[in-house]
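The chain contents come next:
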Amino acid sequence: MKRRDFMTLLGGAAAAWPLAANAQQAAIPVIGFLHAASLETEVRGLGEFRKGLSEIGYVEGQNVMIEYRSAEGHADRLPALAADMVRRRVAVIATVANNAAVGAKATTTTIPIVFTVGGDPIKMGLVDSLNRPGGNITGVSFLSSDIVAKMLEALHELMPKAARIAALVNPTNQNAAADTKEAEAAARTLGLELQVLKASNQREIDDAFALLVERRAAALLIEGDPFFIGRMKQLVVLTARHAIPAIYQGRDFPDAGRLVSYGANRSDALRLAGGYTGRILKGERPADLPVQLATKVELIVNLNTAKALGLDVPPALLARADEVIE
């Protein structure tokens, strides 16, 4: 996507960047939107977030403004970005990704926070309980249980004769250990050899693919991670260059011409988060809003890519797919 197209899709967002001072003068509330990855990867989700806001009566550029900030996959930038929002005294901070939520919570105990996370917010230390979050924070957790195992099952279904599959994980991700454990357990059940590859920067991704080729892994599972979202172009190029069948959690992967994705519908989660953000702007307290569970998952298959890789997609898998790109 070209940058000018992205800015167009953001709608009225461009006018909101100077924000806080002008917005306060006009008595218009300002939302701080903090994303751990690149905003350019979340165009669909941003639209759904605004839809959730509009369902409560808030329209960006009319009666609410939004300041957008992203860490571009660099987790170490999140504390400073969150601190900047606190200094600007935004009305609500909406976060996307686990580390963005944790960073925002550590920065303020007074400004309301609405998170969108892929895991257990209690284990992350974000809330006291799902029904009674407590404090200044609540949000949406999208289904993540068994996602990695089902991703591996989908690859096995696509390539039943494959004996060795690689998994690419970011060791700095809070979920890395749990995701690895889940993948290893699923591999044992399926009778597969799993090669775990680790990468947390651009060079390490290149090195991981070199190792993948050297070890002759037949396919690749990519962990859902903000850094990998930010490096989507690199991952798309490398999987294409090496003709590696790969699966990822976000639909942006098959949309970009790669094979398949299976994971939570993040857009649905962001619509719910937008609704909660609007309700807080209307005066409700985060502590009184139970954490919502976004349970929609989607399987997207790119049939064109499957044909280019010489794969016959089983009819049963196609029947289960929420969308087939062809």
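Residues numbered from 1 in each chain as written. Predicted model: local features only at pLDDT ≥ 70, side-chain atom pairs only at ≥ 80, totals over all residues. Heavy atoms only, no water.

Remarks on the confidence of the model for the protein chain
For the protein chain, mean pLDDT is 90; residues scoring 70 or higher make up 91% of the total. Residue range residues 1-25 is modelled with pLDDT below 50. Its contacts to residues more than four positions away, or to other chains, number 39 contacts. (pLDDT = per-residue confidence, 0-100. Contact = heavy atoms within 4.5 Å.)

Describing the sheet that holds strand β6 (residues 164-169)
An order of β7-β6-β8-β9-β10-β12-β13 is seen for the 7 strands of this open sheet, with the pairing classed as mixed. In the strand order of this sheet, the two ends are held by β7 (193-198) and β13 (323-325), each with one partner. In this sheet, adjacent strand axes meet at a mean angle of 20° when their direction is disregarded. With 3 bridges joining them, strand β12 (residues 297-302) and β13 adopt parallel strand pairing. The partner of V301 across the bridge, within β13, is V324. The strands touched by helix α6 (residues 147-158) within the sheet are β6, β7, β8 (219-222), β9 (246-248), β10 (260-264) and β12, with β8 carrying the most contacts at an inclination of about 160°. (Pairing = 2+ DSSP bridges. Helix = DSSP H or I, 4+ residues; strand = E, 2+ residues; numbered from the N terminus. Axes fitted to C-alpha atoms, helices over the stretch in contact; angles between N-to-C directions.)

Notes on the sheet that holds strand β1 (residues 30-35)
Across the sheet, 6 strands lie side by side as β2-β1-β3-β4-β5-β11; this open sheet has parallel pairing. Both outer strands of the open sheet, β2 (65-70) and β11 (292-294), are each paired with one neighbouring strand and no more. Pairwise comparison of adjacent strand axes, ignoring direction, gives a mean angle of 15° for this sheet. Sheet topology note: the strand β3 (residues 92-96)/strand β4 (residues 113-117) ladder contains 4 bridges and is parallel. Residue A94 lies in a different strand from β4, and its bridge partner there is V114. Strands β1, β3, β4, β5 (137-142) and β11 of the sheet are contacted by helix α12 (residues 266-281), whose axis makes an angle of about 165° with β5.

Observations regarding the packing of helix α3 (residues 43-56) against α12
Close contact between α3 and α12 brings their axes to 7 Å; oriented N to C, the two are set at 35°. Considering the relative orientation of α3 and α12, their crossing is right-handed. Along its contact with α3, which presents R44, G45, E48, F49, K51, G52, L53, E55 and I56, the element α12 presents S267, L270, R271, A273, G274, G275, T277, G278, R279 and L281. (Left-handed = near helix turned anticlockwise from the far one by under 90°.)

Regarding the side chain of T305
The topology assignment puts T305 in helix α13 (residues 303-308). Engagement of the side chain of T305 in a polar contact is seen with the backbone oxygen of G257, the distance being 2.6 Å. Ignoring any residue separated from it by four or fewer positions in sequence, one finds T305 in contact with G257, R258 and L259. (Polar contact = N/O pair within 3.5 Å; in protein donor to acceptor, adjacent residues only side chain to side chain.)

Comments concerning the side chain of Q195
Tracing the backbone shows Q195 in strand β7. For Q195, a relative accessible area of 14% corresponds to the buried category. Side chain to side chain, Q195 and E193 meet in a polar contact 2.6 Å long. With residues up to four places along the chain from it excluded, the contact list for Q195 reads R164, I165, A166, A167 and R215. (Buried < 20%, exposed > 50% of the residue type's maximum accessible area, 1.4 Å probe, protein only.)

What about the nonpolar core?
One finds L152, L158, L221, I247, V260, L299 and V313 to be the most contacted residues of the largest nonpolar core, which totals 31 residues. Those elements giving two or more residues to this core turn out to be α6, β6, α7 (176-190), β8, β10, β12 and α13. Broken down by element, this core gets its largest block of residues, 8 residues, from α6. The residues contacting L152, other than those within four sequence positions of it, are I165, A183, A186, A187, L190, L192, L194 and L221. Core analysis: the next-biggest nonpolar cluster, separate from the first, contains 26 residues, Y58, Y68, A94 and V96 among them. (Core = buried A, V, L, I, M, F, W, Y, C linked by side-chain atoms within 4.5 Å.)

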